[in-house]
Amino acid sequence: MNIAEFCIGKRTVSLVLTLALTVGGILAYMKMGRLEDPAFTIKDAQVITTYPGALPAEVAEEVTDELESAIQQLGQLKRIESVSMPGMSIITMRIKDKYGPELLPQVWDELRRKVNDARAKLPPGAGDPLVVDDYGDVYGIFLAVTADGFSYKELNDYTDFLRKELLMVPDVAKVTLWGTQQEAIYVEISRARMRSMGVSLNTVYDALKENNLVVDSGHVRAGPDYVRIHPTGEIRSVEELGNLFINDPAAPRLVYLKDIATIRRDYVQPPTTIMRHNGRMAVAVGISLAPGGNIVTLGERVDKRLAELDGVTPVGINIDKIYFQPDYVTKAVNNFAVSLLEAIAIVIGVLMIFMGLRSGILIGAILLITVCGSFIFMKMMDIELQRISLGALIIALGMLVDNAIVVTEGMLIRIQKGDNRLEAARDVVKQNIWPLLGATVIAIMAFSAIGLSEDNTGEYCGSLFWVLLISLMLSWVTAITITPLFCEMFLKGGEDTAKDPYGGIIFRSYRALLDKCLHYRWFTVGTMVVLLGLSVAGFGLLEQSFFPPSTQPQFLLDYWKPEGTDIRTTSADMHLMEEALKKDDRVAFTSSFVGGGAPRFMLVYAPEKKYPNYGQIIVTVKDYRQIDSIIADYRPELEERFPAAFFKFKKIRLGPGRDDPIEVRFSGPDPEVLRRLSVQAQELIRANPNARGIRDNWRQKVKQVVPVVNDASARRAGITRPDIATALRTASSGTTVGIYREDDTLIPIIARPPADEMNDASRLADVQAWSPTAKAMIPVGQLVSSFETRMVDNIRQSRFRKPTITVACEQVSGQPSALFKELRPVLESMPLPRGYTLEWGGEYEDSRDAQAALFSSIPPTLAMMVLITVMLFNALRQPLIIWLTVPLAFIGVTWGLLAAGQPFGFMALLGFLSLSGMLIKNAIVLLDEIDTQIRSGKDRYHAILDSSVSRMRPVLMAASTTVLGMLPLLTDAFFVAMAVTIMAGLTFASILTLIVVPVLYSIFFRIRAA
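What you are looking at is a predicted structure, and each value in this text was computed from that prediction instead of being measured. Sequence order as written defines the numbering, with residues in each chain counted from 1. In keeping with the model being predicted, local features are shown solely for residues with a pLDDT of at least 70 and side-chain atom pairs are shown and tallied solely at 80 or more, while totals for entire chains, interfaces and linings include all residues. Just so you know, side-chain values use all the structure's heavy atoms and leave hydrogens and water out.

Okay, the overall build of the chain next. Under the scheme used here, helices are H or I runs from DSSP no shorter than 4 residues and strands are E runs no shorter than 2 residues, and both carry numbers assigned from the N terminus. Within the chain, the regular secondary structure consists of 32 helices and 30 strands. The rule is simple: take the accessible area with a 1.4 Å probe, protein chains only, and divide by the maximum for that residue type; under 20% is buried, over 50% is exposed, in between is partly exposed. Burial statistics for the chain: of 1010 residues in total, 55% are counted as buried. We call two residues contacting when some pair of their heavy atoms lies within 4.5 Å. For the chain, restricting intrachain contacts to residue pairs at least 6 apart in sequence, the fraction spanning at least 24 positions comes to 81%. Using the Shrake-Rupley algorithm and a 1.4 Å probe, accessible areas are obtained, with residue cover drawn only from the displayed protein chains. As displayed, the chain has an accessible area near 43600 Å², and 57% of this comes from carbon and sulfur atoms. In the chain, 103 side chains carry a positive charge and 108 a negative one; their mean positions are 4 Å apart. Working convention for charge: Lys and Arg count positive, Asp and Glu count negative, and His plus the chain ends are omitted. Working definition for charges: the position is that of NZ of Lys, CZ of Arg, CG of Asp or CD of Glu.

In structure tokens, the structure reads:
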């Protein structure tokens, strides 16, 4: 008794299990997690270190290099990059692909130990390095809080309250605020009044620094109690700060701070970040999902909590959604679910046309049961419903019915001949169980390269393999269990058992064609070789790409002013752009971030570091199809209006990657040589009319005022270099001299001169510094020999500890690969000094790395597929025939992509690899039937003809269901290239398989017509 007989014999049990599989799948679908796109781990961390007052070169040599030396000792390190700016070092490291999310916490702990060990080697004045290991956190619910008629303080207070409330919502991991303004207590000290009172600046600083410190006053025993001592005297208001006594031994009496200074509360100027939403001041609120949570459920909870808070929210404060991932997820999953149902309907319709109403409904029911069962196992493996997993089910639909078609076709022919139903089920399953298993495993193995790939691309697309593994294996199980049961129950027997089931005109026409091809077999093979050669030549006409842009109705506008620009100037320019966009009927709203990129609100968004000359506008449009026209309208207008600035319009991309499609990196020891190489490369790129957005990441040099200290004069006055620096800083931007505590907020106290005494660049020589020798204030002009203006680097970038400058650009039209092909020979012909290197980044590097990770897993996969085919036939000639037919897919792929105007990108490559499994599966079924008929004693030539005719309908049906089932994917930007690859390749190759496999069989086994 084989498994088919068992299922038919235990009919009640089989039907109950089938019902359980169906109902369980529906329930699993309803409870599965949902995402718009699959998650992938961002294996990056940052080490941020401050070094106040240091130049970029000093930061690079004294801080960045020391820390990089320690970090590179990590064995898990894949890449290390750094940015050294005035007073700050930012080091970004990426961990090797093989370390998954479960191992990253251990890696970050080891990173902290390495950084902590290096702290002792940092120079005096450098801050403690901060390790940021949540760099990849995604704030999928991204809100803008605006406040009409309110001050920044009131807006900050409300957003702080809102943050605390949202943190109590279940499944909220973090809530971050962006764009809050730092308050400060400004103590504006008048030099004239200070001199008249006989008070020194250092005495004022000491008083402000010490008075509001929290200090332990001890405890005292009082009877049975042990009581804490806490004296009064803290400063509880700005007014009280004015009553602070300044006790200077040189002063004739105690002096109140308000006698020599004006005290006021304001915001730190210039601000570090500025945010606006629709042109109004705003603070952004980002909410991240806790691990294991459901983003759709979280969205419902956040909406509910915001509605509850509406009653306590002041009138005029509004909360708007910049990006609300739950809505996008719900829409995306629903659209894909509709596409899945459409694909199922198409497949069932094809089955009905080919096999009749009864057989079509039967196989359609098997398909639905298989899909429902797949949801159960997907839920058990924590595979969410998202773009890739649902797309995988659509891709699998045609293949899911292949096994059931073979079993149904075999039983239908036998039943129509009058065979016993139980015997028909037993014989068909016995004949096909192992060939179908082998063919199914091979089809799965064709997708395994992406499942075994360890890089971000493999992680992003990995669910494609796991869903196909689950669904295809389940389709084999249902084909040998439920399918024979349903066939036994519902298929009708034939009234005319003598009628030839293959006597129709289509079968007879195919038989005649195959007979001719077998007679002229070498001509047939030669024709195929010529077609294959033409396809290989035509493949060179295809454009290359990595991942396509998203259809999300948003795009980004990056704005760079020249280096050294004040953030307030940047903000003013961006406000003009916001006003123009706000008047455009195609734009829904804008959200502006000045001074740095927004928090990572989606996985593929990489936030820019903080620069005062940088800003970004997130433009949300009403229809994503209008994005290209909007960009085309505004690009020339903005370039004409702001000629000194750099603009970059960026569409939201799908999958991993980077913003600049074309990058070339120059590395070497001398920054000046690197800048010259960058200028040379940019000139060569500008010569290409298809290139735009040309710049490098070191950007412009900036002006720097250099007071040349006269050491002799300074020593005589008892004034040191830090004293001069402090005096200049106080006179220009102010000096933080203490902390004012207000509830749980710490507000810096900043000392600076009044507005009428503050010096501009032309009056720096008049700045006063306290001389302990002269007991008086001395102008800085007496301590320096001159003031020089120099042009210096504002940014130093390095990669793998070598100074590296990156030149980037983008294409005006077409794919980046076309521009890259034109630029590559030009730039690689540049003469490089000894010790300097050139390497390519951008989309080329991303695509190369992703393909390398993919191809590294192909050899074991290929070996396993070959081994399975050998095991199935226990021979070598049949597997060789099978593998010789695989390249035939190339013919259809090339002409299909050319006709559809699609590039050969990563997803098309994945489709081509998976196509091989589908072709092998068809060839196995055909060759197995030929061998079976020959073993039964039939003449070998007629066995080839009869077997090919009998397998024509299953092969064409399998191809038709797969091809037509993918029609819904043609409207999806992510899957369209893959769908075209499989549809065109499988259509052409399946037809050729029915010709070439029998012809090759006749050649390899030397079979000729009688």
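There's plenty left to go through after this.
This part covers helix α5 (residues 152-166). With 15 residues, α5 should reach 21 Å at 1.5 Å per residue; the first-to-last C-alpha distance of 21 Å fits that figure. Looking only at α5, the buried set comprises Tyr152, Leu155, Asn156, Tyr158, Thr159, Leu162, Glu165 and Leu166. Expected helix span is given by 1.5 Å per residue-to-residue step, counting one fewer step than there are residues.

Surface patches are defined over residues having more than 30% relative accessible area and no salt bridge, joining like charges when they lie within 9 Å and nonpolar side chains (Val, Leu, Ile, Met, Phe, Trp, Tyr) when within 5 Å. The term salt bridge refers to a pairing of a side-chain nitrogen on Lys or Arg with a carboxyl oxygen on Asp or Glu at a separation within 4 Å. Together, Leu19, Val23, Ile26, Leu27 and Met30 give the surface a local cluster of nonpolar side chains, amounting to about 490 Å² of exposed area. Given the relative accessible area of 55%, Leu19 is considered exposed.

Take the packing of helix α14 (residues 421-445) against helix α16 (residues 456-480) next. The geometry of α14 relative to α16 is characterised by a closest axis approach of 10 Å and an angle of 175° between their N-to-C directions. On the basis of the axis angle, α14 is roughly antiparallel to α16. Contacts from Val429, Ile433, Leu436, Leu437, Thr440, Val441, Ala443 and Ile444 of α14 reach α16 at Phe465, Leu468, Leu469, Leu472, Met473, Trp476 and Ile480. In the contact of α14 with α16, the residues fall into 14 nonpolar, one polar and no charged. Lines fitted to C-alpha atoms define the axes here, with helix axes fitted over just the stretch in contact, and angles between the N-to-C directions of these axes take values from 0 to 180 degrees. Orientation labels follow simple angle bins: below 35 degrees gives roughly parallel, above 145 gives roughly antiparallel, 65 to 115 gives roughly perpendicular, and whatever is left gives oblique. Amino acid classes used here: Ala, Val, Leu, Ile, Met, Phe, Trp, Tyr, Cys and Pro are nonpolar; Asp, Glu, Lys and Arg are charged; the rest, including Gly, are polar.

Further remarks concern empty space enclosed by the protein. A 1.4 Å probe that fits but cannot get out identifies a cavity on a 1 Å grid over protein atoms alone, an open set with protein on both sides within 12 Å along at least five of seven lines counts as a pocket, and a residue lines either if it has an atom within 4 Å of a point. Grid points are joined across faces, edges and corners, and a volume is the space filled by probe spheres set on the points. With the rule as written, the count across this model stands at three cavities of 30 Å³ or more. Counted as a void, the largest cavity has a volume near 70 Å³. Considering the residues around the largest cavity, the lining is formed by Asp402, Val406, Lys921, Asn922, Val925, Pro954, Val955 and Ala958. Secondary structure elements with two or more residues in the lining of the largest cavity: α13 (387-416), α30 (906-935) and α31 (940-965). Across the lining of the largest cavity, the residue classes tally to five nonpolar, one polar and two charged.

Our focus in this paragraph is the pattern of salt bridges. Applying the stated criterion across every chain, the model contains 56 salt bridges. Put simply, Glu183 and Arg265 hold a salt bridge, and the shortest N to O gap is 2.9 Å. Of the two residues, Glu183 sits in strand β7 (residues 183-189) while Arg265 sits in strand β12 (residues 261-267), which places them 82 residues apart along the sequence. We note a salt bridge from Lys650 to Asp558, for which the minimum N-O separation is 2.8 Å.

This paragraph deals with the sheet that holds strand β23 (residues 735-742). Backbone hydrogen bonds are what pair the strands of a sheet, in a parallel or an antiparallel way. Read from one edge to the other, the open sheet built from four strands follows the order β12-β7-β24-β23, with strand pairing classed as mixed. Looking at strand neighbours, the two that pair on one side only are β12 and β23, the edges of this open sheet. Going from strand to strand, the sheet's axes swing by 25° on average, the running direction of each strand aside. We treat two strands as partners when DSSP finds at least two bridges between them. One ladder, built from four bridges, connects β7 with strand β24 (residues 745-752); its direction is parallel. Bridge pairing links Val187 to Ala751 in β24. Of the strands in this sheet, β7, β12 and β23 are in contact with α5, which crosses β12 at around 50°.

Turning to the nonpolar core, a few remarks are in order. Here, nonpolar core refers to any group of buried Ala, Val, Leu, Ile, Met, Phe, Trp, Tyr and Cys residues whose side-chain atoms link them within 4.5 Å. Ranked by size, the top nonpolar core spans 177 residues in total, and within it Ile395 and Leu464 carry the most contacts. The greatest single-element share of this core, amounting to 18 residues, is contributed by α13. Dropping the residues within four chain positions of it, Ile395 is found in contact with Phe447, Leu464, Thr962, Met966, Leu969, Phe975, Met978 and Ile982. Core analysis: the next-biggest nonpolar cluster, separate from the first, contains 44 residues, Phe507, Leu518, Val955 and Val997 among them.

Within strand β2 (residues 77-85), seven of the nine residues are buried, which leaves it mostly tucked inside the rest of the structure. Sheet analysis places β2 next to strand β3 (residues 88-95), joined by eight bridges and oriented antiparallel. If you follow Val83 over to β3, its bridge partner there is Ile90. Here β2 folds back onto β3, and the loop between the two strands holds two residues, one of which, Gly87, carries a positive phi near 80°. Of the pairings in the sheet, the one linking β2 to strand β28 (residues 796-799) comprises four bridges and is antiparallel in character. Within β28, the residue paired with Ser82 across the bridge is Ser798.

Note that Glu929 resides in helix α30. When near neighbours in sequence (up to four residues on either side) are disregarded, Glu929 contacts Gln431, Ser947, Ser950 and Arg951.

Next up on the list: the packing of aromatic side chains. Classification of ring pairs rests on two measures: the distance between centres of Phe, Tyr or Trp rings, Trp counted by its six-membered ring, which must be within 6.5 Å, and the angle between planes, read as stacked under 30 degrees, edge-to-face over 60 and tilted in between. Applying the stated rule across the entire model yields 23 aromatic pairs. Between Phe539 and Phe904, the aromatic rings sit 4.9 Å apart at their centres with planes inclined by 75°, giving edge-to-face as the arrangement. Residue Phe539 is located in helix α19 (residues 521-539), and its partner Phe904 is located in the loop between α29 (889-900) and α30; the two are separated by 365 residues in the primary sequence. You'll find Phe539 and Phe904 in the same group, each marked buried. Judged by centre distance (5.8 Å) and plane angle (75°), the ring pair of Tyr559 and Phe642 falls under edge-to-face. Here Phe642 lies in the loop between α21 (627-641) and β19 (646-651) and Tyr559 lies in strand β16 (residues 554-560), a separation of 83 residues in the sequence. What makes Phe642 buried here is its relative accessible area of 9%. Taking the ring centre of Tyr256 as reference, the NZ or CZ of Lys258 above it sits at 5.4 Å. Across from the ring centre of Tyr611, 4.7 Å away, lies the NZ or CZ of Arg699, which sits over that ring. Any Lys NZ or Arg CZ that is within 6 Å of a ring centre and within 35 degrees of that ring's normal is treated as a charge sitting over the ring.

This brings us to the packing of α13 against α31. Interaxial distance between α13 and α31 falls to 8 Å at its minimum, and their mutual angle equals 155°. When the axes of α13 and α31 are compared, the pair comes out roughly antiparallel. Crossing handedness for the pair α13 and α31: right-handed. Counting all contacts with α13, which are made through Ile394, Ile395, Gly398, Met399, Val401, Asp402, Ile405, Val406, Glu409, Leu412 and Ile413, the residues of α31 involved are Ser950, Arg951, Arg953, Pro954, Met957, Ala958, Thr961, Thr962 and Gly965. Rotating anticlockwise by less than a right angle from the far helix to the near helix defines a left-handed crossing, while the corresponding clockwise rotation defines a right-handed one.

On to the environment of Val315, then. Note that Val315 resides in the loop between α10 (295-309) and β15 (317-324). For Val315, a relative accessible area of 81% translates into the label exposed. Sequence spacing of Val315 and Arg940 is 625 residues, and the spatial spacing of their C-alpha atoms is 89 Å.

Once that is clear, we can look at unusual backbone geometry. Following Gln269, the chain continues to Pro270 via a peptide bond in cis, the omega torsion being -5°. Following the sequence through the fold, Pro270 ends up in the loop between β12 and β13 (274-277). Phi angles above zero are rare outside glycine, and Phe800 is one such case at about 55°. Mapped onto the fold, Phe800 is located in the loop between β28 and β29 (802-811).

Turning next to the side chain of Ser82. Tracing the sequence through the fold places Ser82 in strand β2. Only 3.0 Å separates the side chain of Ser82 from the side chain of Glu68, close enough to count as a polar contact. Within 3.5 Å is the distance limit for a polar contact, defined as a pair of N or O atoms, with the added protein rule that one can donate a hydrogen and the other accept it, and that residues adjacent in sequence qualify only through two side-chain atoms. Within the local environment of Ser82, its side chain forms a polar contact with the side chain of Ser798, the two groups lying 2.3 Å apart. Not counting residues within four places of it along the chain, the set of residues in contact with Ser82 comprises Thr64, Glu68, Ile90, Ile91, Arg796, Gln797 and Ser798.

So, on to the pairing of β3. Along any regular strand, the residues point their side chains to alternate faces of the sheet. Among the eight residues of β3, six are classified as buried, and the element is accordingly described as predominantly covered. Note: strand β1 (residues 44-50) against β3, seven bridges, orientation antiparallel. Following the sheet pairing, Ile48 is matched in β3 by Ile90.

Moving on: α29. Taking 1.5 Å of rise per residue, the twelve residues of α29 would be expected to cover 16 Å, and the 16 Å separating its terminal C-alpha atoms lies within 8% of that figure. Listing the buried residues of α29 in full gives Ala889, Phe890, Ile891, Gly892, Val893, Thr894, Gly896 and Leu897. Tucked into the core, α29 has its buried residues touching α19, α28 (877-885), α30 and α32 (976-1004). Just past α29, the residue Gly901 takes up positive phi, approximately 70°.

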